[in-house]
Amino acid sequence: MNNAQQTARVGLFFLLGVALIWVTYETLSGGKLFRDQGYTLIAGFDDVKDLKKGDDVRMAGVKIGSIDLTRLDGRRAVAVLRVDSGVLIPRDATATIYMAGLLGSNYVGIGMGTAGVPPLSDGQEISTTVTPDFNTIMSELGNLGKKLDGALGSFSSAMNGDGKGNGGLIQNLDHLVTDNRDKIGATLSNLQSVSEKINNGEGTLGKLVNDPDLHDQLLAAINELKATATQANSFMANAQGIVDHVKSGQGSLGMLLYDPQSAENLRVAVQDFRDVSDKLAKGQGTLGKLISDDSLYLSAQSTMKKADRALDGMTDSGPITAVGIVANALF
Amino acid sequence: MRQIRSILEGVGSTVQLLLRALSYVATLPRQSSRFIEQCYLIGYTTLPIVGILSFFIGSVLALQAGYSMQNFGVMQFIGSLVGLSLARELGPVMVAILVTGRVGSAITAELASMKVYQEVDALITMNIPPERMLVLPRLAAVAVMMPVLTVIANIVGWFGGAMICKYTAFISLSPKAYFASMVQYTKFKDVFDGMVKAEVFGLVVVLVCCNIGLNTRGGPREIGASVTRAVVVSLILILVLDYFVTKILI
Amino acid sequence: MASPASQPNPLPAAESPAVGVSVEALSKSYGKLDVFKDVTFAVEPGEIFVLMGPSGSGKSVLLRQVAGLETPTSGRVMIDGHDAGSAETREHVRRALVFQAGALFNSLSVYDNLALYPREHQMGTEDQIREKVMRALEILSLGKTAETFPSQLSGGMKKRVAIARALVMEPQLLLYDEPTSELDPVMSATIDEIIGSLRKEYHVTSVVVSHDCDLALSIADRVGFLMDGRLVHVGKPADLREPADPRIAEFLNPKIDVGNPRFKKIHTET
């Protein structure tokens, strides 16, 4: 091998390598070897959750920086955000910790704020808001079973009596029907409207459906869950149980019950109820039979209120909607 | 017990060799012709095999990734997967393994035969330290050539993956989408980390191969044994160091 | 082959003084195998000391101690007041060893083999080095081989190249390991003459390991005899004509007698 030729080849080879390193560098880093340092903002949270150094800072989904560090500052947690210079964040923008995925990392999302508001400068603090994280949602779902159980239990006892001589709803109603036909008509329409509310999904459900943020988040969470969250399986089985009851119980609240005994009770109660209605439909009994017995009326009224409250409690608890959505999304 | 001692001796003599070679660093300009010759052997002549192998590694990586990802419908991430795995891991390790096989074994064979045929003794009596004449130019050459080989391996592998993605029926991902996702998730730091790794591997391989070659004792039969030992030790060291260097760099 | 007598000496006047070697109670063993034990002798500056002995008596190993390639098990070798293996000796004493098999650099041409030392030690410009190398090659009748590689040379030629390489180093201390084995009589005479003229003109100290009796008798100032791991005799070459020790007499003048018990032994064994 000619010496000069060898030298030339090595030289050419080396230059080629340097050129390729440069091309790679230009392509991947946009020509900045050491990333533009940008400026820092401070965001205080009650809990920075799983946020750690290097996680993204995004604005409308676009990465604009990263987390420099997280530390405790007095009685709160503080995340220091390093934001690319050139990205201006209005003073009224808020920072929130979002979940990038069930198993994935978190990121800090920054709102757009209002146009025209002067931007934050280096070292200033950005205001923050809190969204429920996955754990909160899950623990609320966990509470749902108990709540539902409790609510339906009290509903059932209201219907059937507590076995201490106080007549349950049905016995009372029986008397009521025979004694106070007018008033029972009003009561029944009350009951009906309550059921309708549940069926139509009005109230809290409507609100929740109209809150796309929460809805989307849940949907995303569920999608992730579907693919990966085997750990959540046992819990979801519980939820599924509840949901099955909910689904099959469209016409009959009794079917919602966990406890087969209570369900049976309720079914019997409803059967009684239907008998009464049938009688009513057939025009059996007379107006004269409806004795205006105030005490009975009042007790019936308060029972109805209890039932109403129980139902309200169910709709208010929110997670029942969550379960519904979980159910729809999953099955 | 004896094994542990021989391992410690190996580590100690390798470190000594490194320090001695570094103490002659000032003589490097005078040895430029030897340096260039070694650059030629280590870099230029290793290039074809590095190119071929990295092309196929990139292709296979893309193919396997595509096959596994088709169940999830995340084909668009093949680019970033191939980009990152080649830049951070496969590029440097593969180049180091090829350098071991192609260059390291040759170094050991050459130095071992010089030792067995008393050429090394002749150098010592001539007051030409073997570390200066035999080890230093090789170390310098590998230090210069490893990043070059690695970046070429990366790029060839990336294009190999792009080609497979385009022409494989069940993937059919356009090179544009492939490279877009690669550029999105592969940073220059990943490539740079890879080059740091390659640098460490290259220096260690050359050092170990020189050391084992120079410590060969006995007759010509020992040359073969030394080469085998050098290659095995180098390969083990590459993979063990890979873990620790990666850990440090992450 | 051209006689070297008419050739100018390859070495320009060496300014450094000759060095003395003293071997003090030197022992060397490999594991349990004792190569030699308790060897003591001194080589005066400018002297030619020939170390003789049968094969396997440890002559070459002894020479490697003097060259600083191995450390002795006990005792020491001092060159010019410093240990043979020390950095001072390596730096300040130009010491050349002519290996028995030549130990030429196989990857370098004959010319580069010779030019390596002067180049590495910056002993002049490339032209000066070339002149010196070519002169050394001429003396050993190797002028035509300058561009060939060691693998293309015969054993005797390799040895001559090795000697030429030692000459180019302008050594103060020259160590030869069997310099005349594998050489034809004319070349052997040339080597003898080179060793002698180096001593005469430049006061180079030489230690020659050999079992070539003629060489010892013609050039040696003193002869040492190494047998069974012991230095059994040190004296003038003239002493060897009538050796006191029967073992030496037997070594120098072996009597070939088929009736000798030695031969009988071979016959009975086979």
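Residues numbered from 1 in each chain as written. Chains lettered and ligands numbered in written order. Predicted model: local features only at pLDDT ≥ 70, side-chain atom pairs only at ≥ 80, totals over all residues.

**As for the overall build of chain B**
The condition that has to hold: Only DSSP runs of H or I with at least four residues qualify as helices, and only runs of E with at least two residues qualify as strands; both kinds are numbered from the N terminus onward. Three exposure classes are used, all based on how many other C-beta atoms lie within 10 Å of a residue's own C-beta (placed from the backbone): buried at 20 or more, exposed at 12 or fewer, and partly exposed between those limits. We call two residues in contact when the distance between their C-beta atoms, placed using the backbone, is within 7 Å.
Counting its regular elements, chain B contains nine helices and zero strands. Across chain B, helices and strands are ordered from the amino to the carboxyl terminus as α-α-α-α-α-α-α-α-α. Counting over 250 residues, chain B shows a buried share of 51%. Taking the intrachain contacts of chain B between residues at least 6 apart in sequence as the baseline, contacts between residues at least 24 apart amount to 87%.

**Observations concerning the overall build of chain A**
On a plain count of helices and strands, chain A comes out with 10 helices and seven strands. When the 331 residues of chain A are sorted by exposure, 20% land in the buried category. Long-range pairs, those at least 24 residues apart, make up 69% of the contacts in chain A between residues at least 6 apart in sequence.

**A look at the sheet that holds strand S4 (residues 74-79) of chain C**
Residue and element names in this part refer to chain C. The line we're drawing: Two strands qualify as a pair provided DSSP detects at least 2 bridges between them. Axis definition: a line fitted to C-alpha atoms, over the contacting stretch in the case of helices. Angles run 0 to 180 degrees between N-to-C directions.
Taken together, four strands build an open sheet; the order of strands is S2-S1-S4-S5 and the sheet is antiparallel. Both edges of this open sheet fall to strand S2 (33-43) and strand S5 (82-83), since each of them pairs with a single strand only. One ladder, built from two bridges, connects S4 with S5; its direction is antiparallel. For Ile79, the partnering residue across the bridge sits in S5 and is His82. Sheet strands in contact with helix H1 (residues 59-66) are strand S1 (21-30), S2 and S4, and its direction is about 120 degrees off that of S1.

**What to know about the sheet that holds strand S5 (residues 94-99) of chain A**
Strand order around the closed barrel formed by seven strands is S1-S4-S3-S2-S6-S5-S7 (chain A), with mixed pairing between neighbours. Pairs of neighbouring strands in the sheet enclose a mean axial angle of 40 degrees, with direction left out of account.

**Focus on the packing of helix H3 (residues 110-120) of chain C against helix H5 (residues 155-168) of chain C**
Residue and element names in this part refer to chain C. The line we're drawing: Between 65 and 115 degrees an angle is taken as roughly perpendicular, under 35 as roughly parallel, over 145 as roughly antiparallel, and anywhere else as oblique. Each helix crossing is assigned a hand: it is left-handed if the near helix lies turned anticlockwise from the far helix by less than a right angle, otherwise right-handed if that turn is clockwise.
Two elements in contact, H3 and H5, have axes separated by 8 Å at closest approach and are oriented at 25 degrees. Between H3 and H5, the angle falls in the class roughly parallel. Between H3 and H5 the crossing geometry is right-handed. Along its contact with H3, which presents Val110, Asn113, Leu114, Tyr117 and Pro118, the element H5 presents Val161, Ala164, Arg165 and Val168.

**Considering the interface of chain C and chain B**
Facing 14 residues of chain C, the contacting portion of chain B comprises 10 residues. Elements with a minimum of two residues in the side of chain C that touches chain B: helix H2 (87-92), strand S6 (95-98) and H3 of chain C.

**A word on the interface of chain A and chain B**
Formally: Gly counts as polar in this scheme, as do all residues outside two lists: the nonpolar Ala, Val, Leu, Ile, Met, Phe, Trp, Tyr, Cys and Pro, and the charged Asp, Glu, Lys and Arg.
Taken together, the contact pairs 15 residues of chain A with 18 residues of chain B. In terms of residue class, the side of chain A that touches chain B is built from eight nonpolar, six polar and one charged.

**Thoughts on the pairing of S5 of chain A**
All names here are of chain A. Judged from the two bridges that link them, S5 and strand S7 (residues 125-128) form a sheet pairing that is parallel. Paired with Thr94 across the strands is Ser127, a residue of S7. As paired elements, S5 and strand S6 (residues 106-110) share five bridges and run antiparallel to each other. Following the sheet pairing, Tyr98 is matched in S6 by Tyr107.

**Considering the environment of Gly66 of chain B**
Residue and element names in this part refer to chain B. Turning to its location among the elements, Gly66 is positioned in helix H3 (residues 47-69). Given 21 C-beta atoms within a 10 Å radius, Gly66 is considered buried. Remark: the alpha-carbon pair of Gly66 and Ile164, spanning 98 residues in sequence, is separated by 9.5 Å. Once residues lying within four places of it in the same chain are set aside, the contact partners of Gly66 are Met75, Ile78, Cys165, Thr168, Phe170 and Ile171.

**Things to note about the pairing of strand S4 (residues 76-83) of chain A**
All names here are of chain A. Inspection of the sheet shows strand S1 (residues 39-45) paired to S4 by seven bridges, in the antiparallel sense. The partner of Phe45 across the bridge, within S4, is Ala77. Pairing of strand S3 (residues 62-73) with S4 involves eight bridges; the strand directions are antiparallel. Paired with Asp73 across the bridge in S4 is Arg76. Counting the residues in the hairpin turn of S3 and S4 gives two residues, including Gly74, whose phi is positive at 65 degrees.

**Points about unusual backbone geometry**
Trans is the common state for peptide bonds, and a negative phi is the common state for residues other than glycine. All names here are of chain C. Its identity is not glycine, yet Asp38 carries a phi of approximately 55 degrees, on the positive side. For Asp38, the position within the fold is in strand S2. Residue Glu170 is not a glycine yet carries a positive backbone phi of 50 degrees. Locating Glu170 in the fold gives a position in the loop between H5 and strand S7 (173-177). Judged by local crowding, Glu170 falls into the buried class, with 23 C-beta atoms found within 10 Å.

**What about helix H4 (residues 78-116) of chain B?**
Worth spelling out the cut-off: Fitting axes to the seven residues that end at a residue and to the seven that start at it, the angle between those axes gives the bend at that residue.
At Leu86 of chain B, H4 of chain B shows its maximal bend, which comes to roughly 55 degrees. Backbone geometry just after H4 of chain B places Gln118 of chain B at a positive phi near 65 degrees.

**Structural notes on the nonpolar core**
This is how it is decided: In these notes, a nonpolar core means any group of buried Ala, Val, Leu, Ile, Met, Phe, Trp, Tyr and Cys residues linked to one another through C-beta atoms within 7 Å.
The biggest cluster of nonpolar side chains holds 157 residues, and the ones touching the most others in it are Cys210 of chain B together with Val50, Ala164 and Leu175 of chain C. Ranked by the residues each element gives to this core, the list is headed by helix H6 (residues 130-167) of chain B, at 20 residues. Ignoring anything within four residues of it in the chain, the contact list for Val50 of chain C reads Val208, Ser210, Leu215, Ala216, Ala220 and Val223 of chain C.

**Notes on the environment of Leu41 of chain A**
Residues and elements named next belong to chain A. Tracing the backbone shows Leu41 in strand S1. Considering only alpha carbons, one finds Leu41 and Leu120, 79 residues apart in sequence, at a separation of 7.9 Å. Setting aside residues no more than four positions away along its own chain, Leu41 makes contact with Leu81, Val83, Leu120, Gln124 and Ile126.

**Observations concerning helix H1 (residues 2-23) of chain B**
Note that an α-helix has 3.6 residues per turn; residues three or four places apart therefore point the same way. For clarity, the threshold we go by: For a helix, the expected span equals 1.5 Å multiplied by the residue count minus one.
Its 22 residues place the ends of H1 of chain B 31 Å apart at the C-alpha level, agreeing with the 32 Å of an ideal helix rising 1.5 Å per residue. Counted residue by residue, H1 of chain B has two buried out of 22 residues, so it is predominantly exposed.

**Comments concerning the confidence of the model for chain B**
Residue and element names in this part refer to chain B. The criterion, for reference: Here pLDDT means the predictor's own confidence in every residue, given as a number from 0 to 100.
Here chain B averages 91 in pLDDT, while 100% of its residues score no lower than 70. Least confident of the elements in chain B is helix H7 (residues 175-185), whose mean pLDDT is 86; most confident is helix H8 (residues 188-214), at 94. Interface confidence in the predicted complex, given as ipTM, is 0.83; pTM for the same model is 0.64.

**Considerations on the packing of H4 of chain B against H6 of chain B**
Residues and elements named next belong to chain B. With their axes 8 Å apart at the nearest point, H4 and H6 run at an angle of 140 degrees to one another. Every pair of crossing elements has a handedness; the one defined by H4 and H6 is right-handed. Residues Ile78, Val82, Gly83, Leu86, Ala87, Gly91, Pro92, Met94, Val95, Ile107 and Leu111 of H4 lie in contact with H6, whose contacting residues are Leu134, Arg138, Met146, Leu149, Thr150, Ala153, Asn154, Gly157, Trp158, Gly161 and Cys165. When its residues are assigned to classes, the contact of H4 with H6 shows 15 nonpolar, six polar and one charged.

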